[in-house]
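# Reading the structure
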Amino acid sequence: FRTLYTDKNGLHRLQGVSLAIDVTSSGTPEEKLNWAFSMYDVDGNGWIDLTEMTKIVQSIYKMMGPGKVNNIQYEKPEERAQGIFQRMDMNHDGRVTRVEFVRTCLSDQKMLELLTPQTEFCHVQ
């Protein structure tokens, strides 16, 4: 929710919430993925590291619940995070940049579905 509610000064911005809702409901796939990247880049350093990726996947698994998690080929979220991270880290520098994140998601429908917000307001097409 950091992406939705605060700016660099920590101020709450209703305008930012409105923009986030607009991007996730009517934005292009690239806009939606850029927004998702900003949400997943927890420390705001401009890249996602394996620790952040692991936290992302763990959170997604918790939201999915045990019934759906059992249908995934990886048993543990850490294993899934490692696989996603290796696929996204195109130059193998230990960091997934915004460009790497967007390109990988746009070329892989399953990853796109896993990592982009899916609500009644957000459908990546």
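Before reading on, note that the structure itself is shown above.
Notes on the structure follow. All values derive from a computational prediction rather than experimental measurement.

Their axes nearest at 10 Å, the elements helix α3 (residues 29–40) and helix α7 (residues 98–107) cross at an angle of 130°. In this view, α3 runs oblique relative to α7, as classed from their interaxial angle. Crossing of α3 against α7: the hand is right-handed. Across the interface between the two elements, P29, E30, L33, N34, A36, F37, S38 and Y40 from α3 touch R98, F101, V102, C105 and L106 from α7. The residue makeup of the contact of α3 with α7, split by class, is nine nonpolar, two polar and two charged.

In terms of nonpolar packing, the biggest core is built from 22 residues, with M88, F101 and L115 touching the most fellow members. Only α3, α4 (50–64), α6 (77–88), α7 and α8 (109–115) provide two or more residues apiece to this core. The element best represented in this core is α4, accounting for five residues. Excluding residues that lie within four positions of it along the chain, L115 makes contacts with A36, Y40, I56, I60, I84, M88, F101 and C105.

Using the criterion set out here, one finds two aromatic pairs in the structure. Ring centres of F37 and F101 lie 5.6 Å apart, and the angle between their planes is 65°; this geometry places the pair in the edge-to-face category. Separated by 64 residues along the polypeptide, F37 in helix α3 and F101 in helix α7 bring together distant segments of the chain. Clustering of aromatic rings is evident, with ring pairs tying together F37, Y40 and F101.

Each value, and the rule that gives it
- Each chain carries its own residue numbering, running from 1 in the written order of its sequence.
- The predicted nature of this model means local features are confined to residues of pLDDT at least 70 and side-chain atom pairs, given and counted, to a pLDDT of 80 or more, with totals for whole chains, interfaces and linings taken over all residues.
- Water and hydrogen atoms were dropped before computing side-chain values, which therefore reflect all heavy atoms in the structure.
- Only the stretch in contact is used when fitting a helix axis, every axis being a line fitted to C-alpha atoms; angles between N-to-C directions are given from 0 to 180 degrees.
- Helix and strand assignments come from DSSP, with helices taken as H or I runs of at least 4 residues and strands as E runs of at least 2, each series counted from the N terminus.
- Just so you know how the angles are binned, under 35 degrees is roughly parallel, over 145 roughly antiparallel, 65 to 115 roughly perpendicular, and the rest oblique.
- In a left-handed crossing the near helix is turned counterclockwise from the far helix by less than a right angle, and in a right-handed crossing that turn is clockwise.
- Should any heavy atoms of two residues lie within 4.5 Å, those residues are counted as being in contact.
- Under the scheme applied here, ten amino acids are nonpolar (Ala, Val, Leu, Ile, Met, Phe, Trp, Tyr, Cys and Pro), four are charged (Asp, Glu, Lys and Arg), and all others, including Gly, are polar.
- What we call a nonpolar core is a set of buried Ala, Val, Leu, Ile, Met, Phe, Trp, Tyr and Cys residues that are connected through their side-chain atoms within 4.5 Å.
- Accessibility here uses a 1.4 Å probe with only protein chains present; expressed as a share of the type maximum, an area under 20% marks a residue as buried, one over 50% as exposed, and anything in between as partly exposed.
- Aromatic contacts are taken between Phe, Tyr and Trp rings whose centres are within 6.5 Å, Trp giving its six-membered ring; a plane angle under 30 degrees counts as stacked, one over 60 as edge-to-face, and the others as tilted.

Coordinates in, geometry out; function isn't part of it.
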